[in-house]
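Observations on chain architecture
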Amino acid sequence: MAIVQAVETGPGVRRRLRVANPATREPLGEFEVQTRDDAVAAVEAARKAQPAWAGLGVDGRARILRRAVRSLVAHQDAFVDTIVAETGKPAIEARAAEIATSCDALEFYAKRARRILADRRVPLHLLKGKRLRIAYRPLGVVGIITPWNFPFILSLNPVAQALVAGNAVILKPSEATPASGRLVGELFAEAGLPEDVLQVLCGDGETGAALVDAGVDKISFTGSVATGRRVAEACGRSLIPCTLELGGKDPMIVCADADLERAAAGAVWSAFANAGQVCISTERVYVVDEVYDAFVNKVVENAAALRQGTGGEIDVGSLAWEPQLDVVERHVRDALAKGARVLVGGRRNPDYAGLFWEPTVLVDVDHTMDVMREETFGPVLPIMRVRDDEEALQLANATRYGLNSSVWSRDRHRGLELARRLEAGAAVVNDCMIAYGATEAPFGGVKDSGIGQVNGEAGLRGFCHTQSILVDRFGRRSEPGWYPYTARKARRLERAVRWIWGTSIGRWLS
Ligand code: NAD
């Protein structure tokens, strides 16, 4: 059966979807698609619940996050089972990239939200008679729309940040992973979150679109570029802010002096982990001519040793979403038709009924091929030979995406210099796929990879409205710029302009 399938329902009956395990195609259950009315009702309920939640203060809200960490630690096995059943990923990946990262996000913000969200006093350089205080106020009701590749952490992390910032939240997980999304709601309910402060709406794109239009104060969206564009348009119509965490085509640059052992192991892991369905996967590699052959040999050795399967000690699981398997197949076929060669894999895994694509290494690739230009989001690693670092850099930047990237060189200064020139939201030197897990690092893309950031101080404050509060210090009867406008005031202003910006001492003081 298809992984997500419409269930036949009669006229006037709500739509239902049936979900299956992508690794085995065994049915997992059905759920009702929530409607526009449900989205509007959820926003109304959230709006009623939000003031009391915000009123708890940051310490009261952080307490709930801490309780959620404890519940998550206690229930980790059951959570891993649900995530694995809905995504087909190895259990160790679910535990590392969904559970451990979620525990860290909850604890990180529980500990630091008070400092990050505290009012800041900023001395004014000019208006010495005023005091400025910058305050971070909750936005109100935040809609969070998430994909299927990391259905738990990509839901939990923005939810935790939005909640601790004092917002009520409505989460719309992917239609392929509704149970993993619901776990986020259950976790916070068990932690004692007041009713309606977090609601989970299940459904497909229609439900997501309804949520965007339902009167929320912000949308935090993670998903594809095409959907992100639609979400941004809808947010634009309602004049509400959105952050868009979208797709990537992350390049890896291997310099002549790279530690090839580490670089090859890193390339294989970052291309095939989560079956390549990571927004910050390595999607293409540029290797300097001198070390190309040695690097490719090591990659082939590592990739050929990977164990693919449905359970036990496996390295690579299935894909999670049927249309993605079609994209992977199309990209590989297109590359082969244009002259690429397969060194490892290159086909659906015939041993399994589920969505298995064998970890695939391609060489003799170039930028006429989709696999070097468009997001593949599957277990495919194309490697291209380049003359030098400069050619690698130029090709790495020749893309409409700009999410993550990596540079491999024993010379850290050179690595850093190349990293600075990569057009990407994150650049990593001698490592890969750590940009999201480094919780302090603001995470987000440039170009078509998105707008805005999650994580770190910038991410958390992004769930707030930044308010400038200015307080007068001296209480004089009037100010120099107020009425009446007189010739005397005009002369004084002219002298002030001359002194402040026309003298070096004035400029230095201002
Ligand atoms: P998708 O865009 O198809 O769906 C994402 C979510 O949007 C789902 O919940 C879906 O139901 C909902 N949706 C669909 N149409 C909608 C609409 N018109 N309005 C509102 N919501 C709508 O993406 P996907 O296939 O679930 O996820 C894969 C994509 O996500 C890849 O491109 C990947 O790179 C990207 N991604 C990005 C990040 C990041 O942080 N930058 C992280 C993970 C995944």
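Conventions and cut-offs
- Residues numbered from 1 in each chain as written.
- Predicted model: local features only at pLDDT ≥ 70, side-chain atom pairs only at ≥ 80, totals over all residues.
- Heavy atoms only, no water.
- Helix = DSSP H or I, 4+ residues; strand = E, 2+ residues; numbered from the N terminus.
- Rg over C-alpha atoms; globule rule 2.2 N^0.38 Å.
- Buried < 20%, exposed > 50% of the residue type's maximum accessible area, 1.4 Å probe, protein only.
- Contact = heavy atoms within 4.5 Å.
- Areas by Shrake-Rupley, 256 points an atom, 1.4 Å probe, with all protein chains shown as cover.
- Lys, Arg positive; Asp, Glu negative; His and termini not counted.
- Charge placed at Lys NZ, Arg CZ, Asp CG, Glu CD.
- Polar contact = N/O pair within 3.5 Å; in protein donor to acceptor, adjacent residues only side chain to side chain.
- Phe/Tyr/Trp six-rings, centres within 6.5 Å; stacked < 30°, edge-to-face > 60°.
- Lys NZ or Arg CZ within 6 Å of the ring centre and 35° of its normal.
- Right-handed = clockwise from strand over helix to strand, strands pointing away.
- Pairing = 2+ DSSP bridges.
- Domains from an automatic or database assignment.
- Near = heavy atom within 4 Å.
- Nonpolar A, V, L, I, M, F, W, Y, C, P; charged D, E, K, R; others polar.

Along the backbone of the protein there are 17 helices and 19 strands. Relative to the 2.2 N^0.38 estimate, which gives 24 Å for 510 residues, the radius of gyration of the protein is 26 Å and therefore close to what a compact globule would have. Taking the principal axes of its C-alpha atoms as reference, the protein extends roughly 85 × 60 × 40 Å. The buried share of the protein, reckoned over its 510 residues, is 53%. Put simply, 70% of the contacts in the protein that link residues at least 6 apart link residues at least 24 apart. For the protein, the computed accessible surface area is about 22700 Å², with 53% contributed by carbon and sulfur atoms. For the protein, the centre of its 64 positive side-chain charges and the centre of its 63 negative side-chain charges are spaced 14 Å apart.

Of the positions making up helix H7 (residues 205-212), those classed as buried are Thr207, Gly208, Ala210, Leu211 and Val212. Packing partners of the buried residues in H7 comprise helix H1 (36-55), strand S6 (141-145), strand S7 (168-172), strand S9 (218-222) and helix H8 (225-238).

Mapped onto the elements, Glu479 comes out in the loop between strand S19 (464-472) and helix H16 (487-502). A distance of 3.4 Å separates polar atoms of two side chains, one belonging to Glu479 and the other to Arg476.

Enumeration according to the criterion identifies 7 aromatic pairs in this entry. Within the aromatic cluster, the residues linked to one another by ring pairs are Trp148, Trp321 and Phe377. One cation-aromatic arrangement involves Lys218 over Phe463; the distance from NZ or CZ to the ring centre is 5.1 Å.

With that settled, consider the pairing of S7. Among the 5 residues that make up S7, 5 are buried, leaving the element largely enclosed by the rest of the structure. On S7, burial covers both faces: Ala168, Ile170 and Lys172 on one face and Val169 and Leu171 on the other are all buried. The parallel pair S6 and S7 is bridged by helix H5 (residues 153-164), and the resulting crossover is right-handed. Bridge count for S7 against strand S8 (residues 198-200) is 3 bridges, and the pairing is parallel. Within the sheet, the bridge partner assigned to Leu171 lies in S8 and is Val200.

By the assigned domains, the protein splits into domain 1 (29-246 + 455-466), domain 2 (250-440) and domain 3 (482-509). Once you take the C-alpha centre of each, domain 1 and domain 3 turn out to be 49 Å apart.

What follows deals with unusual backbone geometry. Geometrically, the link from Tyr483 to Pro484 is a cis peptide bond, its omega value of 0° lying close to zero. Structurally, Pro484 can be placed in the loop between S19 and H16. For Asp196, which is not glycine, the phi dihedral falls at a positive 70°. Its location among the elements puts Asp196 in the loop between helix H6 (178-190) and S8. At Ala275, a position not held by glycine, the phi torsion is positive, near 55°. In this structure, Ala275 sits in the loop between helix H9 (260-272) and strand S12 (284-288).

Moving on to the site of the ligand. Near the ligand, the surroundings consist of 29 residues, among which Lys172, Glu175, Ser224, Leu246 and Glu375 are the closest. With the chains in place, 90% of the 860 Å² that the ligand exposes on its own is no longer accessible. Counting residues per element, the ones that place at least two in the shell around the ligand are H7, S9 and H8. When its residues are assigned to classes, the shell around the ligand shows 13 nonpolar, 10 polar and 6 charged. In terms of domain composition, the shell around the ligand takes at least three residues from each of domain 1 (29-246 + 455-466) and domain 2 (250-440).

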